[in-house]
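# Remarks on the overall topology
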Amino acid sequence: MRHPAPPVAPEPGTPTPSTFVLRAVPEAEPLPGGAATHVLRAVPESAAGGAAAPTGEFGPAPVAEPAPVRKAAPAMEAMFLMDSEPEPEPEPKPAPVRGFDAVAEAVLAPSPAEENEGAAVFLAEPVAQINEAVKMGRIEAAAGMAERAVAEAARSLGEEHPEVLKLRELTAYIAYLAGDALRSFHLSLDLARVRRRHRDPRAAYGNVQSAAAAWRAVRDPLQGLHLGRDLIGVWTELTADAGPAADDIEQLESARTRMGRLAERARVLADNPYHQSPRAHGQ
């Protein structure tokens, strides 16, 4: 059995080849904001301070540097803010038309005279007197004052001046309070026709609602049928226009239903004029 030859020592003066080790050396200028880049280079063992003998085991795992946090571009941030803004709320709808209720509110809380202009200043004093009489319960006196104020205002301003129309609304309301449903009905329905001609569908429908309130106070079924035909005729015309009447068809259908009840009561009275319907006072 042959044994390997022992290593031969180099002769004195013979240069010995240098030993090199591989070292990870960072590049001179890392990129801004990025991780350092390393390359492997051969370094003489003497310059490296001596390489440790390999142990046959892997060293500890390298520690990974955290990824840099990149700020969103200004344009993207603006888009995010725009997307996160709440949607605008829809515009509020106008209050429903209520007929005599609006007139009653004006009586209880009239506008200050100093805020009125033009013709309203001319009518401020008589309107204040009428409102005061209504609040004191002097309905008959208020009705007389309202009639005189309408006549004087119509002579000075014209029959269909806006302030004269407001006075007529007040007169119709006072007639309703006084129990004169027939006069209140005619005043309100005439106002509805004028307001529709003036292309004011909201005010016209308010007058129709006032006329309907007076109509329901009429107890005689035959008279109610006659008035109801006129009321529903004007009401139906208003529904053909763009406005609150077209959005409130249920009220018109309710009026038509009442017409059916009035027709039934009128038929019963025609068959037996001495019969008193139990619903005569609660239509």
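Residues numbered from 1 in each chain as written. Predicted model: local features only at pLDDT ≥ 70, side-chain atom pairs only at ≥ 80, totals over all residues. Heavy atoms only, no water.

## Describing the pattern of salt bridges
Under the convention used in this document: We count a salt bridge whenever a side-chain nitrogen from Lys or Arg sits within 4 Å of a carboxyl oxygen from Asp or Glu. Numbering goes from the N terminus for both helices and strands, where a helix is a DSSP run of H or I of at least four residues and a strand is a run of E of at least two. For the exposure calls, accessible area comes from a 1.4 Å probe over protein chains only, and a residue counts as buried if that area is under 20% of its type's maximum, exposed if over 50%, partly exposed in between.
Throughout the structure, instances matching the rule amount to 12 salt bridges. A salt bridge links Arg195 to Glu169; the shortest N-O distance between them is 2.7 Å. Within this pair, whereas Arg195 is found in helix α7 (residues 181-197), its partner Glu169 is found in helix α6 (residues 162-177), the two being separated by 26 residues in sequence. Glu169 shares its class with Arg195; the two are buried. One salt bridge in this structure joins Arg196 and Asp241, with 2.8 Å as the shortest N-O distance. One end of the pair, Arg196, is in helix α7; the other, Asp241, is in the loop between α9 (221-239) and α10 (249-271), with 45 residues separating them in the sequence. Judged by its relative accessible area of 32%, Arg196 is partly exposed. Linked through salt bridges whose partners overlap, the residues forming this network are Arg196, Glu237 and Asp241.

## Considerations on α9
How we decide: A helix is expected to reach a length of 1.5 Å times the quantity of its residues less one. Contacts are assigned to residue pairs that have any heavy atoms within 4.5 Å of one another. Polar contact criterion, stated in full: a pair of N or O atoms within 3.5 Å, where within protein one must be able to donate a hydrogen and the other to accept it, and residues adjacent in sequence count only if both atoms are side-chain atoms.
The end-to-end C-alpha distance of α9 is 26 Å, a good match for the 27 Å that 19 residues give at a rise of 1.5 Å each. For α9, the full list of buried residues reads Pro221, Gly224, Leu225, Leu227, Gly228, Leu231, Ile232, Val234, Trp235 and Leu238. For α9, the elements touching its buried residues are α7, α8 (201-216) and α10. Where α9 begins, one side-chain oxygen reaches toward the backbone nitrogen of Leu222, 3.2 Å away; that side chain belongs to Asp220.

## What about the packing of aromatic side chains?
We count it as follows: By convention, a stacked pair of Phe, Tyr or Trp rings (six-membered ring in the case of Trp) has centres within 6.5 Å and planes under 30 degrees apart, an edge-to-face pair has planes over 60 apart, and any other such pair is tilted.
Applying the stated rule across the entire model yields three aromatic pairs. Members of the aromatic cluster, each reached through a chain of ring pairs, are Phe100, Tyr173 and Tyr176.

## Quick notes on α6
If you check α6, its first and last C-alpha atoms are 23 Å apart, about what 16 residues at 1.5 Å a residue would give, namely 22 Å. Listed in full, the buried residues belonging to α6 are Glu163, Val164, Leu165, Leu167, Glu169, Leu170, Thr171, Ala172, Tyr173, Ile174 and Ala175. The first or second residue beyond α6 is Gly179, which carries a positive phi of 90 degrees.

## What about the nonpolar core?
Spelled out, the test is: We call a set of buried Ala, Val, Leu, Ile, Met, Phe, Trp, Tyr and Cys residues a nonpolar core when their side-chain atoms join them within 4.5 Å.
By size, the foremost hydrophobic cluster in this structure holds 25 residues, and its most contacted members are Phe185, Val208, Trp215, Leu231 and Trp235. Of all the elements in the fold, those that place two or more residues in this core are α7, α8, α9 and α10. Not counting residues within four places of it along the chain, the set of residues in contact with Phe185 comprises Ala211, Ala214, Trp215, Leu227 and Leu231.

## Considerations on the confidence of the model for the protein chain
We count it as follows: Per residue, pLDDT captures the predictor's confidence, and it can take any value from 0 to 100.
Confidence along the protein chain averages 75 in pLDDT terms, with 58% of residues attaining 70 or more. Highest mean pLDDT in the protein chain belongs to α7 (96); lowest belongs to helix α2 (residues 74-84) (44). Note on residues 72-85: pLDDT is under 50 here. Beyond four places in sequence and across chains, it has two contacts. Taken together, the stretch residues 277-283 has pLDDT below 50 and engages in 13 contacts with residues farther than four places along the chain or on a different chain.

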